[in-house]
Each structure stands twice: as structure tokens, then as C-alpha cells.
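# Descriptive structure summary
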Amino acid sequence: MAMGLPRLVATAFTLALVSIFLPLPFSLAGEITSIESVPDLQRLMYVAVDGYPCVRLLNLSAEIGCSNPGLSKVVAPIIKLKDVKDLVQPHTVLVTPDEMEDFFTRHVPLVSNDLSFASKIGGVLIESGSSFQQKLKGLSPDNMFPQAEFSPYGNVEYKWNPTASSIMWKAYNFPVYLLSESGMSAVHEFLSKKERKHKTYTSYVAEFSMVMETTKAGTHNSEACLQEGTCLPLGGYSVWSSLPPINVSSSNNRKPIVLTVASMDSASFFRDKSFGADSPISGLVALLGAVDALSRVEGFSNLKKQLVFLVLTGETWGYLGSRRFLNELDLHSDAVAGLSDTLIETVLEIGSVGKGLSGGINTFFAHKTRVSSATNKTLDALKIAQDSFASKNIKILSADKTNPGIPPSSLMAFMKKNPQISAVVLEDFDTKFANKFYHSHLDDLSNVNSSSLVAAASVVARTLYILASDNKDTSSSALGSIHVNASFVEELLACLLSCEPGLSCNLVKDYISPTNTCPGNYAGVMSGEPSSNPYLGSVSDVSRFLWNFLAEKTSVQKGNTTSVCSKGSCSRTDQVCIKAESNKEGTCVVSTTRYVPAYSTRLKYADGAWTILPQNTSDSMGMVDPVWTESNWNTIGLQVYTVQHSAYDNAVLVAGITVTTLAYFGIMIAKSFITKALKQD
């Protein structure tokens, strides 16, 4: 007992000294927090930040996009761009959308001599928010003439996209992350605590997990990474459907084809934030609105022309969808059974049509490939369709004759394949893009007008009926009965261009079981063997929705059939099984609707791997095909947390040594004092 008392006194004395030198533990909020488990501790220390990464893409000669520079995570203190002065170590720079273009064009090594600043970039966080869209004159990371190498005419210096900065086509050896609304709130709240505390012994850092497999393996072009298996080719599945269905088993009495084309994929600086509202999804929505309207018209089997609808993917990356579709036509493959390039009389492409409304009038411009009787018929049909509306709020104008040719569009692939093709692309601009956010993450739902889309869908639906029937009577009762459902167009916009409800909307869920809620509209990668009857797990949500939707709307039997398909197949060869994902039992309908693989014509899949084919001089587009691939990765993530400066760690060490020394002397003094006191007793 006598020996226990000195120890007790010494312990109390030591704790008193420790309490003087060391602060109590605190949370990010500055309050002592109850921790009951390791996950609680992790949540207290680390804040996961939601957003959209810029990833590494490769072609035959180079890389673009973003990646961690090494094989490990990047950890760097966060600083706002406006607060940047003289950095002594790499930092994570927080950039607003109105600073983004200037930042990447002035401060990165590939486009600037400001190497001292660029070397101090650990990572970049880009703020989001619709409030910036009204302030910006424009933000397009693409080129002035997108995909000029595929142009069928010589003037490739023409500036179709005057707000272009070309920053998406360069490589950045540091991670770049677009913050979501919640991610931006988390980062701002995190930084506000830093400003309130004013403590010099902690840093507020961002940790990026964005290590690309191509960086790890040192494979810096498509050929090398495909050989090593560190990347996959860009691509996906296009969809086509005919109205009415085509008798594939018979080649007799085939009708001339009126082919209507739209695209489903877009691009931006950030992989999964590529809504592409005006360019090109407005054209897709207009096409679907027109198909829906035409599906309620009877008697298509008696008309003179065959309508075929084609929705392409991969168009942003070298016109993968259109080039592969044309290649499949040459091969007479199963993917295009029932079609023939010799039967295509005219092509009508629906481009960007989301910004046509101005002064109460919806104005669209018809850009033609060449002067021909078939092209003139299409232009005449557009004018007749325009005049058939009593409201007179739709105007179709011919594009300026001084334009060098058609604007960047899928028709370029058709023209390169056949310069004599008769085609028209309908756009909401004349001499330059009306969309100032072309291929930007800001080209979202707020960048289009639903009235413009309804008008475009209406004029396209009636134009197609005029072309198919060859009836130019504007007073025709059949023509007057074709009306686009404006509510349906609004619903499509909410499904394809937002995350709420996004692909979880009732319209999409009626056809498929989506794997994602947010429709990124990025082309994606080809993860398996291409097929006209693909494994559906390799097909994107949007492609599967389009296939089911078009199959139903162009079918002979619509909803009133009792023929079911429990395993996704039907007994008759002219039938397809729709809605098998959303229901336990799908429905068999008579429809000619097919998937067409969309990937580079320079690629071949064999024995579970992709190889690059030699150049073919007869394929002019293949000769300039970049062959885009995307790097594989294990995880992509971003989190923020606080770390102590090394100076503070050293101070704690010194304090600890001091406390230990004082405690030792204190214990010895106390022990001597207590020993003397006990002896006196």
C-alpha cells in the first residue's frame, strides 16, 4: 500500500502535465466525437467526394485525358485558383467553370511555358453549377472543326465551333475531377472549416485514386495497350428499325429506303458527364418523338417507300457507328439483314435541334450534301411539312451556300463512302454552331428548349410521311393527323438528360431494367466479342432502351398480343422479344429491329483479344482513323481530409520528450518527498 501511493500520485501528476501540453482530440467540426467502430473513425477522418473524373484515352499515336502521374495515389493540399501565388509544393487547385478554359490553356505544360506553375499542380477540382452557364460566353473543349480529318471537303480550317478551346484533346499528367453538386458542397464546407480555424499546423488535402493501367504498364498508344490488355476500344451498339417491318426472308419487291439518322453518344472533358443535350441528344429525342407519332398512323405497308430509323453510337470518336454500319452493309451481315446500300434513296439526319426557338418561331436549317432529284425531294418535303402546320411557327431554311459543305455529322461518313449520296442534315444553326457548350459538361437539360424539339419532331414526322407516300397534298387528312406528343418529348428529356429521375423514369423502366440512373451518354467501351445478337450485359442502358422502344413502335402487333417470351426469344423468325428485362415475361412482336456493333473498322476481335488491322487504302476513313481506346483502371475515387504538418509532428515529439523528462523528475521528487514523509511517521 505504501508503494502504491507514490505511483498513484505520480500518475496523476503526469496526466496533469500531459493535459497542459496536448489538446483533447477533436473532429472536423471541432467537437469531441463518440467513436464506436473503425468505420465511424473513417467517416470522421475522411470525407468521400462525389464527382466525375477525366480519364486517360489513347489512339495510335498519343494519349489524351487525365491520369495520376505515377503508380500511387496523389495527395495534395487544396487551394483556390484565385488564391494561388507562389506555390512551394504540389497543390490541388480548385477551379470555377469560368476559369477552366484559361487555366488549361495557360498553365499546363503542353500549351504553356509556365512550367514552374504546372509542376506544382498535384490535381484539379472543377466546380459545377448551372449558375455559371449564364455568365459564360461559351465553353467547348472540342476543336473549331470537330473531326476535320473525316471531312469530305477540303476546307478543314472552317470554324464551325467558334467557342472551341481543344483542351479535351490534350494529355494531363495529373488527376482532374468535376465536382457534383453534393461534392462541391462537401469541398466548400471542408474549406470553410479551414478558414474558420486559422490553424497553421494542419493541411486540408484531396486524395485522388486515379491510377490508369496504361500508366502502370507504360503502354502509351492504342496498339501497345491492346497488346498488353491494359485498355479497351471505344464503341458500343447502334440500333436500327424499319417501319413497317421488312420481310427479311424475301428479296422480292423491296422498296426504296428513306433512312433517318440520329446519334446517341456525346463527349466532354469528363467521361461520365457527357449529356450532350443539344448535340446530339436533341436530335435523338426528335427522332423518337417522330417515330412515336408515326406509329399511330395506319397503312404504312401500302406506301411507296420504306422508312428505316438508325440511331448511331461512337460518332464522337471517329464516326464509329456510321462507318461500321456502312461496313456491315458491304459485308451483307446478319446485323443489317433486309437492308441494302443500293436501296437507300435518301438520308435525313437529325442533328442539333434543341436551340431553334427564337422570337416565337422555331427555325431549322437544311444542310444538303449535293444537288440531286432525291435531295430536292427531301427539301421539298420539309417545306411541305412546314406549310402543313396551321400555327405557322416552324420555318425551314436552306443553309448558306457559302458554307464549305455539310457541318460535322454522320453524313460525312456516308459522303466519304459514296460522294453521290443524296442527303440532308437538319440543324438549329446555319454557318456556325448555335450550341456554345458543344461537347461540354454544361450542355445539359437547361441548354435546350423542349418546344424546339417538339417542332423538330413534328416537321420530321410529316416530312417522312410525305417522302414515304409521295403525297404532296398539305391538306391530306393523313398528314394532318400526324401529331407529336409534347408530354412524351418532355418525359424523354427527363429520362435521357437528367439524373432525377434519369433512367429510373417509368418510360425507360417499362422497357428495361437500367443498371445506372444517370445517363452519361458517353460511348463506352467494347468489352466482349461484337455481335448482332449481343450479350445484353455488354449493351448500354440507352441502347437497350432504344432497341425495345423502336421494336415496339415499329411493330405490327402493339401491346394486344398474347404471345409471350420468357427467355428472350420468340418462335417465329420475324418476331423479336421486347420488355423481357422489365417483366418476367416479355412480349413477342413482329418487328425488324437490330443491334449493330459500333467500333473501329481497323479493329478485329479474335481469341478473346483485339488486334489492329493493317491500313487499307480503299478505306479512306480507315486511313485516318485514330483508333480510340480507353485505359483500364481498378478504382477511381476522391476524398478529402486533414493532415498535420511535419513541423507540428516535430513539436509534438519535442513536447512528448519534455513531458516525459518533467514527468520523470516529478516522479523522482514526489517519491523522495513521500519517502521522507513516511519515515517521519
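Residues numbered from 1 in each chain as written. Predicted model: local features only at pLDDT ≥ 70, side-chain atom pairs only at ≥ 80, totals over all residues. Heavy atoms only, no water.

### What about the overall build of the chain?
Looking only at helices and strands, the chain has 18 helices and 27 strands in total. Residues classed as buried in the chain amount to 54% of the 681 residues present. Accessible area of the chain: about 30,000 Å², with a carbon and sulfur share of 52%. (Helix = DSSP H or I, 4+ residues; strand = E, 2+ residues; numbered from the N terminus. Buried < 20%, exposed > 50% of the residue type's maximum accessible area, 1.4 Å probe, protein only. Areas by Shrake-Rupley, 256 points an atom, 1.4 Å probe, with all protein chains shown as cover.)

### A short note on the state of the cysteines
Under the counting rule described, the total for this entry stands at six disulfides. There is a disulfide in this structure between Cys-495 and Cys-505, and the S-S distance comes to 2.0 Å. Taking the sign of the S-S torsion, 120 degrees for the link of Cys-495 and Cys-505, the bridge is right-handed. Taken together, the residues span a long stretch of sequence, with Cys-495 in helix α14 (residues 486-496) and Cys-505 in the loop between α14 and α15 (506-509) at a distance of 10 residues. Of the two residues, Cys-495 and Cys-505, neither departs from the other in class, the shared state being buried. Each sulfur of the disulfide joining Cys-499 and Cys-518 lies 2.0 Å from the other. (Disulfide = S-S within 2.5 Å.)

### Some remarks on the sheet that holds strand β22 (residues 586-590)
Pairing is antiparallel across the open sheet formed by three strands, whose spatial order is β20-β22-β21. Each edge of the open sheet is held by one strand with a lone partner, namely β20 (564-565) and β21 (575-578). Judged from the two bridges that link them, β20 and β22 form a sheet pairing that is antiparallel. Residue pairing for β22: Val-564 is matched across the bridge by Thr-587. Contacts from helix α16 (residues 541-553) reach β21 and β22 within the one sheet, and its direction differs from that of β21 by about 125 degrees. (Pairing = 2+ DSSP bridges. Contact = heavy atoms within 4.5 Å. Axes fitted to C-alpha atoms, helices over the stretch in contact; angles between N-to-C directions.)

### Brief notes about the pairing of strand β4 (residues 63-66)
Pairing of strand β3 (residues 56-58) with β4 involves three bridges; the strand directions are antiparallel. In the strand pairing of β4, Leu-57 is matched with Ile-64. What sits between β3 and β4 in their antiparallel hairpin is a turn of four residues. As defined by bridge partners, β4 adjoins strand β8 (residues 171-172) across two bridges and the pair is classed as parallel. Looking at the pairing, Gly-65 lines up with Ala-171 of β8.

### A few points about the environment of Val-640
On the secondary structure map, Val-640 appears in strand β27 (residues 637-644). In this structure, the C-alpha to C-alpha distance between Val-640 and Val-187, residues 453 residues apart in sequence, is 7.6 Å. In this structure Val-640 touches Met-45, Tyr-46, Val-47, Val-49, Ile-78, Phe-190, Val-205 and Ala-206, once residues within four positions along its chain are discounted.

### Looking at the packing of aromatic side chains
With the rule as written, the count across this model stands at 28 aromatic pairs. When the centroid spacing of 5.6 Å and the interplanar angle of 45 degrees are considered together, the rings of Trp-169 and Trp-628 count as tilted. On the criterion of sequence distance, the pair formed by Trp-169 in the loop between β7 (121-126) and β8 and Trp-628 in the loop between α17 (620-623) and β26 (629-631) is long-range, its members being 459 residues apart. Its relative accessible area of 21% is what places Trp-169 among the partly exposed residues. (Phe/Tyr/Trp six-rings, centres within 6.5 Å; stacked < 30°, edge-to-face > 60°.)

### Some thoughts on the sheet that holds strand β11 (residues 231-233)
In a beta sheet, neighbouring strands are held together by backbone hydrogen bonds and run either parallel or antiparallel to one another. Pairing within the open sheet is mixed, and its five strands lie in the order β8-β4-β3-β26-β11. Lying at the two open borders of the sheet, with one neighbouring strand each, are β8 and β11. Of the strand pairs in this sheet, β3 and β26 are connected by two bridges, and their pairing is antiparallel. Bridging across to β26, Leu-57 finds its partner in Glu-630.

### Here's the deal with the environment of Leu-139
Locating Leu-139 in the fold gives a position in the loop between β7 and β8. Classification of Leu-139 as buried rests on a relative accessible area of 4%. Taking the C-alpha atoms as reference, Leu-139 lies 8.4 Å from Pro-97; in sequence the two are 42 residues apart. Apart from the residues within four sequence positions on either side, Leu-139 is in contact with Pro-97, Met-100, Glu-101, Lys-436, Phe-437, Tyr-438, Ser-440, His-441 and Leu-442.

### Re the confidence of the model for the chain
For the chain, the average pLDDT comes to 88, and 89% of its residues sit at 70 or higher. Predicted confidence for residues 1-32 stays below pLDDT 50, and this span has 30 contacts to residues more than four positions away or in other chains. (pLDDT = per-residue confidence, 0-100.)

### Side note on the side chain of Ser-209
Assignment of secondary structure puts Ser-209 in strand β10 (residues 202-209). Leave out the neighbours within four places in its chain, and Ser-209 touches Asn-68, Lys-73, Thr-635, Ile-636 and Gly-637.

### A short note on α16
The first and last C-alpha atoms of α16 sit 18 Å apart over 13 residues, in line with the 18 Å expected at 1.5 Å per residue. Among the 13 residues that make up α16, 13 are buried, leaving the element largely enclosed by the rest of the structure. (Expected span 1.5 Å × (residues − 1).)

### Quick notes on unusual backbone geometry
Geometrically, the link from Leu-243 to Pro-244 is a cis peptide bond, its omega value of -5 degrees lying close to zero. Along the chain, the position of Pro-244 falls in the loop between β12 (236-243) and β13 (257-263). With omega at 5 degrees, the peptide bond leading from Glu-500 into Pro-501 counts as cis. Residue position: Pro-501 is located in the loop between α14 and α15.

### A word on the nonpolar core
Among the nonpolar cores identified, the biggest contains 90 residues, and Leu-294, Leu-307 and Phe-545 are the most heavily contacted of them. When residues of this core are assigned to their parent elements, the largest contribution, 13 residues, is made by helix α12 (residues 450-469). Membership of the second largest hydrophobic core comes to 38 residues, among which are Ile-167, Phe-174, Leu-234 and Phe-269. (Core = buried A, V, L, I, M, F, W, Y, C linked by side-chain atoms within 4.5 Å.)

### A closer look at a nonpolar patch on the surface
Residues Tyr-664, Phe-665, Met-668 and Ile-669 make up a contiguous nonpolar surface patch of about 450 Å² in total accessible area. By secondary structure assignment, the location of Met-668 is in helix α18 (residues 646-680). For Met-668, a relative accessible area of 37% translates into the label partly exposed. (Patch = residues over 30% accessible without salt bridge, like charges linked within 9 Å, V, L, I, M, F, W, Y side chains within 5 Å. Salt bridge = Lys/Arg side-chain N within 4 Å of Asp/Glu carboxyl O.)

### Focus on the packing of helix α8 (residues 277-294) against α12
In a pair of packed helices, the angle between the axes and the distance between the axes together describe the arrangement. One can describe the packing of α8 onto α12 by two numbers: an axis separation of 8 Å at closest approach and a directional angle of 50 degrees. With respect to each other, α8 and α12 are oriented oblique. By crossing handedness, the relation of α8 to α12 is classed as right-handed. Where α8 abuts α12, its residues Ser-282, Val-285, Ala-286, Gly-289, Ala-290, Ala-293 and Leu-294 lie against Leu-453, Ala-456, Ala-457, Val-460, Ala-461, Leu-464 and Tyr-465. Residues that form the contact of α8 with α12 fall into these classes: 12 nonpolar, two polar and no charged. (Parallel < 35°, antiparallel > 145°, perpendicular 65-115°, else oblique. Left-handed = near helix turned anticlockwise from the far one by under 90°. Nonpolar A, V, L, I, M, F, W, Y, C, P; charged D, E, K, R; others polar.)

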